[in-house]
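# Structure at a glance
Residues per chain are reported as follows:
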Amino acid sequence: MLLVAIGGVAGSLLRFALGELLPTHSAGTLWANLIGVFIACQAVVFCERRGNANLRHLLLPGFCGGLTTFSALMMVTEQSSYWYLLGTIVASFAVAFVSVPLARQAF
């Protein structure tokens, strides 16, 4: 549980920093979610191949859980349009489609 908490703090801080650095809240949410998808795909493949449960807890429910957020995605979608939601979903699948094969080659 401690590893999930540590990862969650780090992910939440990165999400906050992205929100501060990028010009709009929607851009920060989009980038946080896409980075989270990329890291999650990499972590799943790495932990599957190496069998490291502690790293899996730190990265997946911890870091990626703190970084990504469905509630902010829904809030931004409500403020902008459903095209934002559709674009986020399509972009997330595209990131996963590219990220998983890269991780399989790397690990």
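Residues numbered from 1 in each chain as written. Predicted model: local features only at pLDDT ≥ 70, side-chain atom pairs only at ≥ 80, totals over all residues. Heavy atoms only, no water.

## Remarks on helix 4 (residues 70-79)
Listing the buried residues of helix 4 in full gives Ala 72, Leu 73, Val 76 and Thr 77. What you see down the axis of helix 4 is that its buried residues fit within an arc of 140°, all on one side. Turned more than 90 degrees away from the buried face of helix 4, the exposed residues are Phe 70, Ser 71, Glu 78 and Gln 79. Looking at the buried residues of helix 4, the elements they touch are helix 1 (2-21), helix 2 (25-50) and helix 5 (82-106). (Buried < 20%, exposed > 50% of the residue type's maximum accessible area, 1.4 Å probe, protein only. Helix = DSSP H or I, 4+ residues; strand = E, 2+ residues; numbered from the N terminus. Arc of directions from axis to C-beta. Contact = heavy atoms within 4.5 Å.)

## Considering the nonpolar core
Ranked by size, the top nonpolar core spans five residues in total: Leu 18, Ala 32, Phe 63, Cys 64 and Leu 67. Looking at this core, the element that brings in the most residues is helix 3 (residues 53-67), giving three residues. Aside from chain neighbours lying at most four places away, what touches Cys 64 is Gly 36, Ile 39, Ala 40 and Leu 59. (Core = buried A, V, L, I, M, F, W, Y, C linked by side-chain atoms within 4.5 Å.)

## What to know about the packing of aromatic side chains
Each aromatic ring pair is specified by the distance between its two centres and by the angle formed by the two planes. What the rule picks out here adds up to one aromatic pair. Plain terms: the ring middles of Phe 46 and Phe 107 are 4.9 Å apart, the flat faces sit at 75° to each other, and that makes the pair edge-to-face. Here Phe 46, found in helix 2, pairs with Phe 107, found in the segment after helix 5; they are 61 residues apart in sequence, far enough to count as distant. The class for Phe 107 is partly exposed, based on a relative accessible area of 31%. (Phe/Tyr/Trp six-rings, centres within 6.5 Å; stacked < 30°, edge-to-face > 60°.)

## Section: the side chain of Gln 42
Following the sequence through the fold, Gln 42 ends up in helix 2. On the basis of relative accessible area, Gln 42 is assigned to the buried category, the value being 15%. Once you skip the residues sitting within four places of it in the chain, Gln 42 turns out to touch Ser 99, Leu 102, Ala 103 and Phe 107.

## Section: a nonpolar patch on the surface
Residues Phe 38, Phe 97, Val 98 and Leu 102 make up a contiguous nonpolar surface patch of roughly 410 Å² in combined accessible area. Within the fold, Val 98 resides in helix 5. (Patch = residues over 30% accessible without salt bridge, like charges linked within 9 Å, V, L, I, M, F, W, Y side chains within 5 Å. Areas by Shrake-Rupley, 256 points an atom, 1.4 Å probe, with all protein chains shown as cover. Salt bridge = Lys/Arg side-chain N within 4 Å of Asp/Glu carboxyl O.)

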